[in-house]
Amino acid sequence: SSANDTRDEEARLSTYFGEDRSKISSWTCRFFSYAGRLQLINYVLISIVNLWATVFRLPCSCIKEVEQICSAFLWTGPSLKSSNAKVAWKDIWCTKSEGGLGIRNLREVNKVYGLKLIWRMLTGESLWGKWIRANLLKGRSFWEVNSKMQMSSWMWHKMLKLRSVAKLFFKI
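Small disclaimer: the values here were computed from a predicted structure and weren't measured.

Novice: Just to check I follow, could you spell out the packing of helix H5 (residues 106-123) against helix H7 (residues 154-161) for this structure?
Specialist: The description of two packed helices rests on the angle between their axes and on the distance between the axes. Look at H5 against H7: their axes get within 10 Å of each other, and the N-to-C directions meet at 95 degrees. The angle between H5 and H7 places the two elements in the roughly perpendicular class. Contact with H5, carried on its side by Leu 117, Ile 118 and Met 121, involves Met 155, Trp 156 and Met 159 of H7 and no other residues of that element. Residues belonging to the contact of H5 with H7 are distributed by class as follows: six nonpolar, no polar and no charged.

Below you can see the structure in the form of structure tokens.
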């Protein structure tokens, strides 16, 4: 069931990012420089990921797809050819002072927003946090819930996997 949840989630998001791919292909920026395309990546494409990641954890396959779209757009423009990369994508993530282009590592972004979801769940009075505490935690501590016994969503399992990192930031 968990594997099906993962595939369903990936399919939904892949469809969304596929729509982004077609929108990017229609952009009339064939004459943009690398710097212009870099600005579009940072302020449009990465912002879309930020929006989605604030709401839920993104599957690795979706992060990989967005990175492929960004890389192809940076090097080839709206044609989105996956060849012709001048520099490895992992080197582009580095800060400008480290020789990169300053594009944020999307896996790290996804993890940070996952930690923020945990923080909001534990400290906030949001409807979502109240629902989680009432229906999934059922009076138990988030830190002690057994992830293998939970019959719950893919996202909940991903949040539980982040507990070891989240513990570093919470006084328990």
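We are not done yet, so read on.
Novice: Hey, could you run me through the packing of aromatic side chains in this one?
Specialist: Counted by the stated rule, this structure contains five aromatic pairs. Here the aromatic residues Phe 142, Trp 143, Trp 156 and Phe 170 are joined through ring pairs into a cluster of three or more. One Lys or Arg, Arg 163, reaches over the ring of Phe 142 and ends 5.9 Å from the middle of that ring.

Novice: Is there a simple way to explain the nonpolar core in this structure?
Specialist: What tends to happen in soluble globular proteins is that the nonpolar side chains get buried as a cluster. Ranked by internal contacts, the top residues of the largest apolar core, which has 41 residues, are Ile 41, Ile 118, Phe 142 and Trp 156. Taken together, the elements giving at least two residues each to this core come down to helix H2 (34-55), helix H3 (60-76), helix H4 (89-92), H5, helix H6 (127-137) and H7. Among the elements that take part in this core, H3 stands out by supplying eight residues, more than any other.

Novice: What is the right way to look at the confidence of the model for the protein in this model?
Specialist: Caution applies to low-pLDDT regions: their predicted coordinates should not be interpreted in detail. Residues of the protein with pLDDT of at least 70 account for 80%, and the chain-wide mean is 80. Mean pLDDT values for the elements of the protein range from 59 in helix H1 (residues 2-26) up to 93 in helix H8 (residues 163-166).

Novice: I keep staring at H2 and nothing clicks. Help me out?
Specialist: Side chains three or four residues apart in an α-helix point the same way, a direct result of the helix having 3.6 residues per turn. Between its terminal C-alpha atoms H2 stretches 31 Å, which fits the 32 Å expected from 22 residues at 1.5 Å a residue. At Ile 41, H2 shows its strongest bend, of approximately 35 degrees.

Novice: Just to check I follow, could you spell out the packing of H2 against H3 for this structure?
Specialist: Interhelical geometry of H2 versus H3 gives an angle of 160 degrees and a closest axis separation of 9 Å. When the interaxial angle is binned, H2 and H3 end up roughly antiparallel. Considering how the two elements wind past one another, H2 and H3 form a crossing that is right-handed. Contacts between H2 and H3 involve Tyr 34, Arg 37, Leu 38, Leu 40, Ile 41, Leu 45, Ile 46 and Val 49 on the former and, on the latter, Val 66, Ile 69, Cys 70, Phe 73, Leu 74 and Trp 75. Considering only residue class, the contact of H2 with H3 consists of 13 nonpolar, no polar and one charged.

Novice: What am I meant to see in the pattern of salt bridges here?
Specialist: Close approach of charged atoms allows side chains with opposite charge to pair. A complete count under the given rule lists two salt bridges for this structure. The partner of Arg 107 in a salt bridge is Glu 67, with the nearest N and O atoms 2.9 Å apart. Taken as a pair, Arg 107 in helix H5 and Glu 67 in helix H3 lie far apart in primary sequence, 40 residues in all. On the accessibility criterion, Arg 107 (37% relative accessible area) is partly exposed. By relative accessible area, Glu 67 is classed as buried at 8%. Its salt-bridge partner being Asp 91, residue Lys 90 comes within 3.4 Å of it at the nearest N-O pair.

Novice: I keep staring at H6 and nothing clicks. Help me out?
Specialist: Residues of H6 that are buried include every one of Gly 129, Ile 132, Leu 136 and Leu 137, and no others. All buried residues of H6 lie within an arc of 75 degrees about the axis, which places them on one face of the element. Elements that come into contact with the buried residues of H6 comprise H5 and H7. With its phi angle positive at about 50 degrees, Lys 138 sits one or two positions after the end of H6.

Cut-offs and rules
- Residues numbered from 1 in each chain as written.
- Predicted model: local features only at pLDDT ≥ 70, side-chain atom pairs only at ≥ 80, totals over all residues.
- Heavy atoms only, no water.
- Axes fitted to C-alpha atoms, helices over the stretch in contact; angles between N-to-C directions.
- Helix = DSSP H or I, 4+ residues; strand = E, 2+ residues; numbered from the N terminus.
- Parallel < 35°, antiparallel > 145°, perpendicular 65-115°, else oblique.
- Contact = heavy atoms within 4.5 Å.
- Nonpolar A, V, L, I, M, F, W, Y, C, P; charged D, E, K, R; others polar.
- Phe/Tyr/Trp six-rings, centres within 6.5 Å; stacked < 30°, edge-to-face > 60°.
- Lys NZ or Arg CZ within 6 Å of the ring centre and 35° of its normal.
- Core = buried A, V, L, I, M, F, W, Y, C linked by side-chain atoms within 4.5 Å.
- Buried < 20%, exposed > 50% of the residue type's maximum accessible area, 1.4 Å probe, protein only.
- pLDDT = per-residue confidence, 0-100.
- Expected span 1.5 Å × (residues − 1).
- Bend = angle between axes of the 7 residues up to and from the residue.
- Left-handed = near helix turned anticlockwise from the far one by under 90°.
- Salt bridge = Lys/Arg side-chain N within 4 Å of Asp/Glu carboxyl O.
- Arc of directions from axis to C-beta.

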